[in-house]
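Residue-level structural notes
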Amino acid sequence: STTANKALLKSAAGKYSWQFDGSNDSLSLGAPLFQMSDDHVVIAGFNASAVSVYVFSHTNTSTGVHCATVRVASDGKPSAWWRDDSTAQDVLYGPSSIVGSAAVVTAKKAAALKSLRVNGSLASSAGTSLGTTTLNEYAIGKSGAGYMQGSIYPIIAIKGTVSDAELMVLEKYVGMCCGVSI
């Protein structure tokens, strides 16, 4: 809501991104794009310059409950996090740190199966059946007090089912926009 807290639109080599300072920048979504019970996919292109940062999040800020959060974990690995109000959760991690490198990270939920894809390849999956999540914050570049530091390229968020072939086409598009070959 204030100029000081807005991400900056930048262009480098013909590729556009939102630059986040890691302290107070974020983009607020007006409503949740989907609920925990919905099948959904979030494909995010980004280049994080710090750990423990959030790229895309649906959150309950009073409990710290996350739904379909794409983030960089404290060890620098890409991560996707689903959690319900009763604290049952699936947290998935990529194989290695991506800090300082552009990446395309996909969080996908189809029925109870959740998967994390990194640069077009399956990194991990889990199948915990989760209950309801009460959401009150929907943002790009933050979750609660955790702010993104680095660049965010396109984010595609879909409520519904996406086939693997469709997913690959979308990941290639996001990769093209941030210089990642998929």
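Everything in this summary refers to the structure shown in the same document. All figures in this text were calculated on a predicted structure; none of them were measured in a lab.

Helical geometry note: an α-helix holds 3.6 residues per turn, so side chains three or four residues apart project in the same direction. Under the 1.5 Å per step criterion, the end-to-end length of helix α1 (residues 164-178) is 21 Å for 15 residues, consistent within 8% with the ideal 21 Å. Buried within α1 are the following residues: L167, E171, V174, G175, C177 and C178. Burial along α1 is one-sided: seen end-on, the buried residues are contained in an arc of 155 degrees. Among the exposed residues of α1, those oriented more than 90 degrees off its buried face are A165, V169 and M176. Trailing α1 by a residue or two, G179 shows a phi angle of about 80 degrees, which is positive.

Taken across its eight residues, strand β9 (residues 103-110) has seven buried, putting it largely inside the fold. Note that strand β4 (residues 40-48) and β9 share seven bridges and pair antiparallel. Looking across to β9, one finds that V42 is bridged to A107. Following β9, the chain reverses through two residues before pairing antiparallel with strand β10 (residues 113-118); A111 in that reversal takes a positive phi of roughly 60 degrees.

Judged by pairing direction, the sheet is antiparallel, and its seven strands sit side by side in the order β1-β2-β15-β4-β9-β10-β11 without closing on themselves. Both outer strands of the open sheet, β1 (8-12) and β11 (121-126), are each paired with one neighbouring strand and no more. Neighbour-to-neighbour, the strand axes of the sheet open up by a mean angle of 30 degrees, direction not taken into account. In terms of strand pairing, strand β2 (residues 15-21) meets strand β15 (residues 149-159) through four bridges, oriented antiparallel. If you follow W18 over to β15, its bridge partner there is I152.

The phi angle at S52 is positive, at roughly 55 degrees, despite the residue not being glycine. By the element assignment, S52 lies in the loop between β4 and β5 (53-60). Phi is positive for A111, which is not a glycine, with a value near 60 degrees. Positionally, A111 belongs in the loop between β9 and β10.

Cut-offs applied
- Once a new chain begins, its residue numbering starts again from 1 and follows that chain's sequence as written.
- For a predicted model such as this one, the threshold for reporting local features is a pLDDT of at least 70, and the threshold for listing and counting side-chain atom pairs is 80 or more; totals across whole chains, interfaces and linings nevertheless cover every residue.
- Side-chain metrics in this entry use all non-hydrogen atoms of the structure; hydrogen atoms and water are not considered.
- To qualify as a helix, a DSSP run of H or I must reach at least 4 residues; to qualify as a strand, a run of E must reach at least 2; elements of each kind are numbered from the N terminus.
- Helix span is expected to be 1.5 Å times the residue number reduced by one.
- Relative accessibility thresholds used throughout: buried, under 20% of the residue-type maximum; exposed, over 50%; partly exposed, between the two (1.4 Å probe, protein chains only).
- Comment: arc refers to directions from the helix axis out to C-beta atoms.
- Whether two strands pair comes down to DSSP finding at least two bridges between them.
- Only the stretch in contact is used when fitting a helix axis, every axis being a line fitted to C-alpha atoms; angles between N-to-C directions are given from 0 to 180 degrees.

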